[in-house]
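Read off the chains here:
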Amino acid sequence: MSTRLDITALTRDKKIIVCCGSGGVGKTTAAAAMGVLAATQGRSALVMTIDPAHRLSQAMGLDGLSNDPQRVDLDAPGSLHAMMLDSKRTFDRLVESYAANERIRDTIFANNYYQQMSSSLGGSKELIAMERVFEIASAQDYDLLIVDTPPAQRALDFLDAPKRMIDLLDGTLTGLLLKPYGLAARMQFGLFRESSAVTMKFLERLTGFEILTDLSDFMMAFSSMFDGFKDRSHKVMELMRGPGTSFVLVCAPARMSLGQADQFAARLTSESISIAGVLVNRVHLPFATSGDLADADLISELAPIGLLSDKSIDGLTLIARVTGAYTSQRALVRSDRAALKQLRESELPSHLVPHFNRDLHNMEDMEEFAAALYPYSVP
Amino acid sequence: MIVTGKGGVGKTSLAAALALLSARRGSRTVLVTFDREDTDHSIFGVRLKYQPKEVHERLAVSRVDAFEAVREYVRRKMPFSSLYEGFFEGRVFRVFAAATPGFEELMCLGKLYDLAMGSGFDRVIFDAPSSGHVKILLGVPDATLKVVQVGPLNHNARKIQHLLWDADKTRIIVAAVPEEMAIREALELACYCRDERRMAVGPLILNQVVRKRFSSAEMELLTGMDTPSEVLRAAIGAAQSEYQLASVQDQARQGMTPWPDVLEVPRILPDEESDGGSSRTLIDEMADPLRILFGNPS
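Remember, it's a predicted structure, so these values are computed and weren't measured experimentally.

Can you walk me through the overall build of chain B in this structure?
Each helix and strand counted, chain B has 10 helices and 8 strands in total. Buried residues in chain B amount to 56% of all 298 residues. Taking contacts inside chain B between residues at least 6 apart in sequence as the whole, the part at least 24 apart equals 71%.

So what exactly am I meant to see when it comes to the nonpolar core here?
When a protein is soluble and globular, its nonpolar side chains tend to lie buried together. L31(B), F126(B) and L290(B) are the most contacted members of the largest nonpolar core, which has 87 residues in total. The greatest single-element share of this core, amounting to 9 residues, is contributed by helix 1 (residues 11-24) of chain B. When residues no more than four places from it in sequence are discounted, the contact partners of L31(B) are A15(B), A16(B), A19(B), H41(B), F44(B), L59(B), A60(B), V61(B), S62(B), I125(B) and D127(B). F91(A), V95(A), A265(A) and A339(A) belong to the second largest nonpolar core, which has 43 residues in total.

Teacher, can you tell me more about the state of the cysteines here?
Residue and element names in this part refer to chain A. By the definition in use, this model includes 0 disulfides over all chains. C20 takes part in no disulfide bond, and the closest cysteine sulfur, belonging to C19, lies 7.6 Å away. C251 takes part in no disulfide bond, and the closest cysteine sulfur to it belongs to C20, at a distance of 10 Å.

Quick question: what am I supposed to make of unusual backbone geometry here?
With the exception of glycine, most residues fall at negative phi, and the peptide bonds are largely trans. Looking along the chain, the bond that leaves G202(B) and enters P203(B) is cis, with omega of -5°. Phi is positive for Q140(A), close to 55°, though the residue is something other than glycine. Within the secondary structure, Q140(A) is located in the loop between helix 7 (124-139) and strand 5 (144-148). The phi angle at N357(A) is positive, at roughly 65°, despite the residue not being glycine. Along the chain, N357(A) falls in the loop between strand 8 (350-354) and helix 16 (363-371). N357(A) sits in the buried class, given a relative accessible area of 9%.

Cut-off values and rules
Residues numbered from 1 in each chain as written. Chains lettered and ligands numbered in written order. Predicted model: local features only at pLDDT ≥ 70, side-chain atom pairs only at ≥ 80, totals over all residues. Heavy atoms only, no water. Helix = DSSP H or I, 4+ residues; strand = E, 2+ residues; numbered from the N terminus. Buried < 20%, exposed > 50% of the residue type's maximum accessible area, 1.4 Å probe, protein only. Contact = heavy atoms within 4.5 Å. Core = buried A, V, L, I, M, F, W, Y, C linked by side-chain atoms within 4.5 Å. Disulfide = S-S within 2.5 Å.

Everything listed is a geometric property; what it means functionally is a separate question.
Rendered as structure tokens:
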């Protein structure tokens, strides 16, 4: 049996809230609304978003968000700030701070491979988001940092992608590329039945070019700063595991979306990270608490509409239309309820936010969403 | 047919509906997804595997996988391929593939090429990743050609590129829902594919469209009604909320930069059995407005 997720307690007590979820579930809006909520509770909050709706940044009174936090105009006891993560610039900054000297820094910047990786390679965005979280959390300028994670096919990508990157940057490849035919590499892979020299030949033959030259140059330059980088990624994970951090999974009331929830929680638990619960967004809630009516009863209940009609309106048509709208609404409510059944069977706390029937794009909308984050009394 | 769009616009359902239509029109069709691991297809309910699996007359589903694709490629094209079998299990190879930008993408596109050009299927429908990733994906052959001048990788990238450019064979279908952001993202993506990637784009599919059911006079009348009946109040509430949604959608559509070819798919109401997901009946309903894409039945 699922319990209630109290978002207001998270925004009141936590230092970091990470909003995860697949694309199109309203994650960015939920993160912004949590920021509003925290500011209402008297805290200073920073919402870090990856790819915000243009109108969302406008709504926050910001002409497009920048890589550095900007204050949002909001009448609240606390304060709200927002920023958009520019992964390329953050990556560049990271290289700047860890490169041993200018020559190494410039070599990295000019490298073909680095250019592609820092802007497009899967995982770099997520890794960089984590890095920026660490940077901001360490500076302690805000009471609460709310992270809107990059859109991902699956919610777990936020955790998996940085791991893959670290794996890649780890000694395995570096060792292999720096001394591909050397003894060191062979010892490192002694357990495998492949020999790295043959592997390299094979890969070159498969790809038909010296794909490894760029990579090798990059690794050569990067290896000097890798320890700092890796050390930091461990610290980021520590931060994610800390008691001040909470993960919230944002879902749509759909079977596929909610089906991820348990898997997501299990995965977080295996990383010793705790998940606060699931925020189900855009739920169609019934307009009445009464049970379903048979169509005949419905029509008799709707009869007053027909009597009200003026000359320009055909009462019977109107009854039919209202019936149609009501039936549609009931179908949506029923379908959402069926999808939510999965959640009821799970142990995860949850909170439902109603479907607002419109784009949420200004500060008033965010406040309305924030209001919907308070615990409710109706089941 | 490459079906893409922002997350949450119903790509998977649209792709499934297109695939079903295509099969019913007599084309041997394969619906391909880009999931990273074995999962069940959300509509056809079968486990997605690299090998196409039949789910309906003339319709199979499968999943592209870079590693499987490379393995298959090596087996078929490289002399003494059995010598290399062990490598695919090795960490070195996996790390190499993950570390090489575009490698996985190119291998996946290569598999799509094979399915389209030489596997006994008449049509491939690709349930592609969402906007951001698909941009990277479609740019990979071109990027590869710039970096690699010779060899099998160059040769394959060129073949794939020509197939993507061939307007008679390949078409990108971008989906959106009638919300400002989704429409904007779809148009951006459509322009990118047309102008930068020089591909045939269209139509733009507007999914989950809700039309106004009431006139403004009717709405006014309903809003002014005061009634003790809970059911009636609930019904009026439902009418108002639907009307509001339709108005917001109208606005989003009007704000849309014109695109020559837009196809609207109405919001399909979930049926009893759908359980908060898309069922086969829903897919059938969705397929109806998409018929035009396959011309008249012969």
